[in-house]
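# A closer look at the structure
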Amino acid sequence: MSKLGILAKDTAIYGLSSIVGRFLNYLLVPLYTYCMPKDSGDYGVSVNMYAYTALALVILTFGMETTLFRFANRDGEKPDTVFSTGFAVVGSLSAVFLALITVFLSPISAFLGYEAHPEFLMIMAIVTVLDALQALPFCYLRFKKRPVRFASLKMLFIALNILLNVVFFVFLQKTEVFYVFAINLLCTGMITFFFIPDMLKIRWQLDFSLLKRMLSYSWPLLILGVAGILNQTADKILFPLVYEGSDAKAQLGIYGACVKIAMIMAMITQAFRFAYEPIVFASSKDKDSKEYYAAGMKYFIIFTLLAFICIMAYMNILKHVIGPEYREGLAAVPIVMAAEIMMGVYFNLSFWYKLIDKTIWGAWFSIAGCVALIAVNVLFIPKLGYMACAWGGVAGYGTAMVLSYVVGQRKNPINYPLLNIAMYVAMTALFYVVISWSNENLSDILALVVNTGVVLMFVGHVLYHDLPSVKKKLFALFRRA
């Protein structure tokens, strides 16, 4: 099977846990936004707290996921030793983090604005540590080409999480955010338990010489990761601190609920990454590797733009995912989706410096993007509210994307099909205008008909120009029918 064929197959399996799994997890969005009143600010509390835990998770994993792929694929390195050494780093950092939170729980809770509920911080600190300890085992499953095991564990977490949330919020009629955090802790602990058999199969060996080389490779990735996660979470961290109104948590809840619709882009990017990253590192020595990277970029952009068109086309249906009180923030959705596409492009562009072990470039690009994002948020949140958060993402990811492309074409040039990509971007912009007009001026049923026609036009163009083999198979099926 060709590398593109393997990529498609693995993306489909990883997509089961990422796209389908998160889609099922969307059941929690209507659950929370219909059960938690907007003015209580409870949903905003969850958005804010998960932003902090996402940042902590990146710090605790210390860039070891990408580092594992890089060193485990090197000649002469033992994958089990690479894993053991990386896990020692993550485990040590996690132990220190949990000890600091435990000792300084009260002052840290007060600083974050949760002095009345320090249990929120304690619960989520334990969740973060467990997630960090799971990160490398999940990564090792990807390295071993075990996508089914990977997807099964991810889906188990999601199924258990949804089930418990339905029990507490629907049948027991609990509406406090405390239960969101407590259920997460229980489910995360369950998945950690299921990793014990996998961990027992590892030949544990700590190599200090290898550790030094891995840390040299990973610390720029840590900076890159921190800057990258701040591009995703800084708005949700800064909003309560910068917003001048008294309803900061309620407004953050509106923004956090609406951007869940836009997170479909993040799902696609993550599924693509899970399949793409191991293949890229494994095939980095192949003669046709650059052609493969260029093709991967083109198809990634095509299918994310298709997802953008589909989401906007059926927004009148998708908006019911969130409670009526929260829908005033839907205007932020297309902006956040555009930012997510830029983030995906930036990820695809990042391999030029990862493959030549110059990860410091990624750190600089991400820092520049983070500075742009924070500047937009700090300057404009007081004036524009959560819409500044949406535009801040575009500024941040756009900055990192452009810098990575410009420098990458000088350091390790790749002939990306820019004209073809630009054509798809222009076509998407035109279709977006048509869909927006349709949603605003036509009845829901008529708009649905028009928008479906737009989606089919986009799909037809892709099949005719870029997937001729798929087109031939479809025509053959129609003839048989």
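So, here's what we can say about the structure. (Residues numbered from 1 in each chain as written. Predicted model: local features only at pLDDT ≥ 70, side-chain atom pairs only at ≥ 80, totals over all residues. Heavy atoms only, no water.)

What follows is about the packing of helix 4 (residues 64-72) against helix 5 (residues 79-103). Where helix 4 contacts helix 5, the axes come no closer than 9 Å and their chain directions differ by 160°. On the basis of their axis angle, the class for helix 4 and helix 5 is roughly antiparallel. Note on packing geometry: the crossing formed by helix 4 with helix 5 is right-handed. Of helix 5, the residues touching helix 4 (which contributes Met 64, Leu 68, Phe 71 and Ala 72) are Pro 79, Val 82, Phe 83, Gly 86, Val 89 and Val 90. For the contact of helix 4 with helix 5, the residue count by class is nine nonpolar, one polar and no charged. (Axes fitted to C-alpha atoms, helices over the stretch in contact; angles between N-to-C directions. Helix = DSSP H or I, 4+ residues; strand = E, 2+ residues; numbered from the N terminus. Parallel < 35°, antiparallel > 145°, perpendicular 65-115°, else oblique. Left-handed = near helix turned anticlockwise from the far one by under 90°. Contact = heavy atoms within 4.5 Å. Nonpolar A, V, L, I, M, F, W, Y, C, P; charged D, E, K, R; others polar.)

Judged by nonpolar contacts, the single largest core of 142 residues is most densely connected at Leu 68, Phe 181, Tyr 255 and Phe 458. Leave out the neighbours within four places in its chain, and Leu 68 touches Val 82, Phe 83, Leu 136, Cys 139, Tyr 140 and Phe 143. (Core = buried A, V, L, I, M, F, W, Y, C linked by side-chain atoms within 4.5 Å. Buried < 20%, exposed > 50% of the residue type's maximum accessible area, 1.4 Å probe, protein only.)

The subject of this paragraph is helix 7 (residues 118-143). Helix length check: helix 7 (26 residues) gives 38 Å between terminal C-alpha atoms against 38 Å at 1.5 Å per residue, within 8%. Most of helix 7 sits inside the fold, with 20 of its 26 residues counted as buried. (Expected span 1.5 Å × (residues − 1).)

Each pair of aromatic rings is reported with the distance of its centres and the angle of its planes. For the structure shown, the criterion picks out 25 aromatic pairs. Look at Phe 178 and Tyr 179: their rings are 5.4 Å apart centre to centre, the planes differ by 80°, and that puts the pair in the edge-to-face class. In this structure Phe 178 comes out as partly exposed when scored by relative accessible area, which is 31%. Pairing Phe 239 with Tyr 243 gives two aromatic rings, centres 4.8 Å apart and planes at 15°, and the pair type is stacked. Overall, Phe 239 belongs to the buried group, its relative accessible area being 0%. You can call Tyr 243 partly exposed: its relative accessible area is 21%. (Phe/Tyr/Trp six-rings, centres within 6.5 Å; stacked < 30°, edge-to-face > 60°.)

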